[in-house]
Amino acid sequence: MIQDTPRRGLLLAAPALLASGAARAQAWPSRPVRIVVGFAAGGANDIMARLLAARLTERLPGSSFIVENRPGASTQVAADLVARAAPDGTTFMYTSPSTLIALAVNRSATLNPVQALEPVFLAQNSPLALVCRADFPARTVAEFIAVARERQGRLTVSTPGAGAINHLALILLMKQAGFETTHVPYAGNQPSITALIRGEVDVAHDGLFAPRAQLEAGTLRAIAVTSADRAPAYPNVPTFAETVPGHVVGFWGGMLAPRGTPEPILDRLNSELDAIVKLPDVIERTRSFGAEPAGGPRQAFARVFAEDWARWGQVVRENNIRAE
């Protein structure tokens, strides 16, 4: 005689629940899906989001994936929109650590990204880079640190904005390597690089995308990158970690969903995107803006997402960085 009736009922119901979830994933998407990007059109995040949207539309018959640019408040506008969207598999967000940092810097922000947003897929990783003009006296990380120490805080470093990941990574580098600089924030990557070209600052702490034309022409050069390994597109550029052990900063791009989106849909999207980033033309396009395709399970991205939220929040609090 079977006495554990409630447990037996759950066991009998489990196959039906699994079948229901699988059916839901197979039926998705039955309506147009929007991928919200918190940046203006034309940047690396926007390019990657559009590339993924186009491939998803091709792979899923009858589907329509549309990128919607919603810039504002350092991606907070987009994050709020997606967090409040119905968790039905029709709204996602493609973003970077900029969202986590913006929410940490804005002390009045009420959105907790780890609680409100679900990491779905880590699409790409790209390093930050310390970039200088061709005539800058330092060619290595050790020489750069020596120059910075010699100038005793007078060396100027531009970034795409106060409180941006470039700024926070610079703070980490200065603490780890023991030197000071004068931070000069600009309103975006291109203005920061333009200031470097014009001689308004000594170096720029940016990425490899905005200055790529000048790097290829030789008018600018990269001293080092923040990734754990050297960037395949720039194999002769060393990492900071080769000289400053432990200084690794990743600038990722990934897909998020409103918390509560059905698990089968999240798993299906992760699986489709994981196949897409392995396509040769997608790899080539991703590397064209200094990034590397990533991929992997949802759980791996969730760990990165939570760790970055804790890491950058700590840097913001310890250095009393606030939104301007």
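Thresholds, definitions, all that
- Residues numbered from 1 in each chain as written.
- Predicted model: local features only at pLDDT ≥ 70, side-chain atom pairs only at ≥ 80, totals over all residues.
- Heavy atoms only, no water.
- Helix = DSSP H or I, 4+ residues; strand = E, 2+ residues; numbered from the N terminus.
- Rg over C-alpha atoms; globule rule 2.2 N^0.38 Å.
- Buried < 20%, exposed > 50% of the residue type's maximum accessible area, 1.4 Å probe, protein only.
- Axes fitted to C-alpha atoms, helices over the stretch in contact; angles between N-to-C directions.
- Parallel < 35°, antiparallel > 145°, perpendicular 65-115°, else oblique.
- Contact = heavy atoms within 4.5 Å.
- Nonpolar A, V, L, I, M, F, W, Y, C, P; charged D, E, K, R; others polar.
- Pairing = 2+ DSSP bridges.
- Right-handed = clockwise from strand over helix to strand, strands pointing away.
- Salt bridge = Lys/Arg side-chain N within 4 Å of Asp/Glu carboxyl O.

> Let's hear about the overall build of the protein chain: which residues, and what values?
Looking only at helices and strands, the protein chain features 12 helices and 11 strands. Against the 2.2 N^0.38 benchmark of 20 Å for 324 residues, the protein chain shows a C-alpha radius of gyration of 22 Å, consistent with a compact globule. Over its C-alpha atoms, taken along the principal directions, the protein chain stretches across nearly 85 × 40 × 35 Å. Taken over 324 residues, the protein chain has a buried fraction of 51%.

> Go over the packing of helix 7 (residues 165-177) against helix 12 (residues 298-318) with me, naming the residues and quoting the values.
Interaxial distance between helix 7 and helix 12 falls to 11 Å at its minimum, and their mutual angle equals 75 degrees. Regarding the angle of helix 7 to helix 12, the classification is roughly perpendicular. For the pair helix 7 and helix 12, contact is made by Ile-165, Leu-168, Ala-169, Leu-172 and Lys-175 and by Arg-311, Trp-312, Val-315, Val-316 and Glu-318, respectively. In terms of residue class, the contact of helix 7 with helix 12 is built from 7 nonpolar, no polar and 3 charged.

> Please set out the pairing of strand 6 (residues 156-159) residue by residue, giving values where relevant.
What you see with strand 6 is no split at all: Thr-156 and Ser-158 on one side and Val-157 and Thr-159 on the other are buried throughout. In this structure, strand 6 lies alongside strand 7 (residues 182-185), joined through 4 bridges in parallel fashion. What sits directly across from Val-157, in strand 7, is His-183. One crossover worth recording links strand 6 to the parallel strand 7 by way of helix 7, and it is right-handed.

> Go over the pattern of salt bridges with me, naming the residues and quoting the values.
Counting across every chain of the model gives 18 salt bridges. One salt bridge connects Arg-298 with Glu-263, and the closest N-O pair in it is separated by 2.9 Å. In this pair, Arg-298 is assigned in helix 12 and Glu-263 in helix 10 (residues 263-276), connecting sequence segments 35 residues apart. With relative accessibility at 8%, the residue Arg-298 sits in the buried group. With a relative accessible area of 43%, Glu-263 lands in the partly exposed category. Connected through shared salt-bridge partners, Glu-118, Arg-259, Glu-263, Asp-267 and Arg-298 make up one network.

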